[in-house]
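Here are the chains, one letter per residue:
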Amino acid sequence: MSKYVYNEAEFNKKYDTYYNLVYRAAYQYLFNIEIAEDVTQEAFVKLLTCNKKFNDDEHEKAWLLRVTINLCKNILKSKSYQNLELKIESSIYDNAFEEKSDNKIDISSYLQCLSAEQRTTIYLYYFEELKIKEISKIMKTKENTVKSHLKRAKHNLQNTIEREK
């Protein structure tokens, strides 16, 4: 019996479907392109080799996000990561947000003021359009905690943007 759950075509489809989601979630935690790519690769290896039966695509997506977040947390806890110099790179956020007027803002520079949990919550809520209930399951927190992360993140972003204007 093969140790891989998916055949190559199935895996490639899953990879194409979820790559951006996993990569951006990892980047939200780490703000480092190279390490986010490594986490993304490791998350897909875990998907390829796991024996878990998923109820549906949403269950699989939530599992993959949970694995990604756990991998990121492990990296942040590691001593080797604490010695790295973090580089903030904004390429994944180019044109992500625009003000209602013609003035564009670079949201990536403002995201630095948020905690990893707040950045991830903002990403999952606004970019992936997940519901608060889904985010709470993925992040293994209460729904009210997710709401608090959203509220604090919006407040912090608003204050940071207003200070710089």
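Residues numbered from 1 in each chain as written. Predicted model: local features only at pLDDT ≥ 70, side-chain atom pairs only at ≥ 80, totals over all residues. Heavy atoms only, no water.

A. Local environment of the environment of Thr 40. Along the chain, Thr 40 falls in helix 2 (residues 33-49). Taking the relative accessible area as the measure of exposure, Thr 40 reaches 1% and is therefore buried. Residues Thr 40 and Thr 68, spaced 28 residues apart in sequence, show a C-alpha to C-alpha distance of 7.0 Å. If we ignore the near neighbours within four places in the chain, the residues touching Thr 40 are Tyr 19, Val 22, Tyr 23 and Ala 26. (Helix = DSSP H or I, 4+ residues; strand = E, 2+ residues; numbered from the N terminus. Buried < 20%, exposed > 50% of the residue type's maximum accessible area, 1.4 Å probe, protein only. Contact = heavy atoms within 4.5 Å.)

B. Broad picture of the side chain of Thr 121. Tracing the backbone through its elements, the reader meets Thr 121 in helix 6 (residues 116-127). Side-chain polar atoms of Thr 121 contact the backbone oxygen of Glu 117, separated by 2.7 Å. Sequence-distant contacts of Thr 121, defined by excluding residues within four places in its chain, comprise Ile 135, Met 139, Val 146, His 149 and Leu 150. (Polar contact = N/O pair within 3.5 Å; in protein donor to acceptor, adjacent residues only side chain to side chain.)

C. Focus on the confidence of the model for the protein chain. Averaged over every residue, the pLDDT of the protein chain is 81; residues scoring 70 or more account for 79%. Within the protein chain, helix 2 carries the highest mean pLDDT (93), whereas helix 4 (residues 79-82) carries the lowest (60). The model gives residues 84-103 a pLDDT under 50, and that stretch makes 33 contacts with residues more than four places away or in other chains. (pLDDT = per-residue confidence, 0-100.)

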